[in-house]
Amino acid sequence: MRLAAAPISWGVSEVPGWGVQLDSDQVLAEIAAAGLDATELGPAGFLSADPVAIRERLAMSGLALVGGFVPAVLHHTAERDAGLDRVRENAALLADAGATVLVLAAATGETGYDAPYRPDAVEWEILRGGLGAAQEIAAGRELTLAFHPHYGTVVERQADVRRLLESTDVPLCLDTGHLLVAGADPLAVAREAGARIAHVHLKDVDAALAARVRMRRIGYREAVRAGLYRPLGEGDLNLGGLLEILREQGYDGWHVLEQDLVLEPGDDPGRPLANVRESVGFLRGLATASPRAGTQ
């Protein structure tokens, strides 16, 4: 199992006003201290806008670059060209910086992830065309495009994922947390997607908080701040069962640890590293109990 980290576990987010944004030097040092040897890129400018500088910074920390998260609006004709330009720009940066995966989400165009969105038939067809174009852009840079069903985007629910699988050939980023928050069963999605899974984000979730988010009784950022995402093993995800499904299906891509966090001034500065170490320890415990699901 190839394990990587993501800056969102340190509260670093592309959403304006999300919370305290930690210094990238601290985040990279703590990723390495957690025993991980790879990371996703984080939001625009977090490491650098220069791929050479990104390579140098990661090399100094002993880390490899896995990929990066790119939200883009692709379901409106008037905005799709700009969305594809964003994909093109990020694909160039990721490829030149040494990544192998572009993780794409179908953004609604709103700030944050609180507004529900249900595309109509016309918008879905526009999105399908946009995804095909994005795949070509990624392939032209020798990147795998992995589409990310994400709470608060155009594709979030289990029915949305099924529609995506049936109407496109786009590979999937299986994010256990966002699927659970949207009311989907990550294990069922993993079985249905099969070999279409090209990338995995491992999150554990407080199911009771997730239900409140779905019912719009609490905002998404507020729920994350309250502990929506838990260190692996502390939430309601059947992680052992999920890993067994992925193993049986021959998945050999990255498993990115993500416990999305909102940090406020005065919070314990050691909390992000402690959370990630707890998740790594839980995975190693699973490996001890079931060597077939082991980590490397």
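Note that this is a predicted model, so its numbers are computed, not measured.

Cut-off values and rules
Residues numbered from 1 in each chain as written. Predicted model: local features only at pLDDT ≥ 70, side-chain atom pairs only at ≥ 80, totals over all residues. Heavy atoms only, no water. Helix = DSSP H or I, 4+ residues; strand = E, 2+ residues; numbered from the N terminus. Polar contact = N/O pair within 3.5 Å; in protein donor to acceptor, adjacent residues only side chain to side chain. Contact = heavy atoms within 4.5 Å. Salt bridge = Lys/Arg side-chain N within 4 Å of Asp/Glu carboxyl O. Buried < 20%, exposed > 50% of the residue type's maximum accessible area, 1.4 Å probe, protein only. Phe/Tyr/Trp six-rings, centres within 6.5 Å; stacked < 30°, edge-to-face > 60°. Lys NZ or Arg CZ within 6 Å of the ring centre and 35° of its normal.

Explain the side chain of Ser 279 residue by residue, including any values.
With respect to the helices and strands, Ser 279 occurs in helix 11 (residues 271–289). Reaching out from Ser 279, the side chain makes a polar contact with the backbone nitrogen of Leu 232 at a distance of 2.9 Å. Those residues in contact with Ser 279 that sit more than four places away from it in its chain are Pro 231, Leu 232, Leu 257 and Gln 259.

Please set out the pattern of salt bridges residue by residue, giving values where relevant.
Inspection of the entire model under this criterion finds 14 salt bridges. For Asp 175, the salt bridge goes to Lys 203, with nearest N and O atoms at 2.5 Å. Taken as a pair, Asp 175 in strand 7 (residues 172–175) and Lys 203 in the loop between strand 8 (197–202) and strand 9 (204–205) lie far apart in primary sequence, 28 residues in all. Take Asp 175 and Lys 203: they sit in the same class, and that class is buried. Here Glu 244 ties to Arg 247 by a salt bridge, and the two come within 3.0 Å at their closest N and O atoms. In this pair, Glu 244 and Arg 247 are both assigned in helix 10 (residues 239–248), three residues apart and thus about one turn of the helix distant. Classification of Arg 247 by relative accessible area gives partly exposed; the value is 31%. Connected through salt bridges with shared partners, the residues Asp 175, Lys 203, Glu 258 and Asp 260 form a single ionic network.

Give a description of the packing of aromatic side chains that names residues and reports values.
Under the definition given, this model contains four aromatic pairs. An angle of 45° between the planes, with centres 6.3 Å apart, marks the rings of Trp 18 and Tyr 220 as tilted. Residue Trp 18 is found in the loop between strand 1 (2–5) and helix 1 (24–33), and its partner Tyr 220 is found in helix 9 (residues 220–225); the two are separated by 202 residues along the sequence. Among the residues examined, Tyr 220 registers a relative accessible area of 3% and is labelled buried. Taken together, the aromatic side chains of Trp 18, Tyr 113, Tyr 151, Tyr 220 and Tyr 229 make up a single cluster linked through ring pairs. Geometry around Tyr 229 places Lys 203 over its ring, the cationic atom sitting 5.6 Å from the centre.

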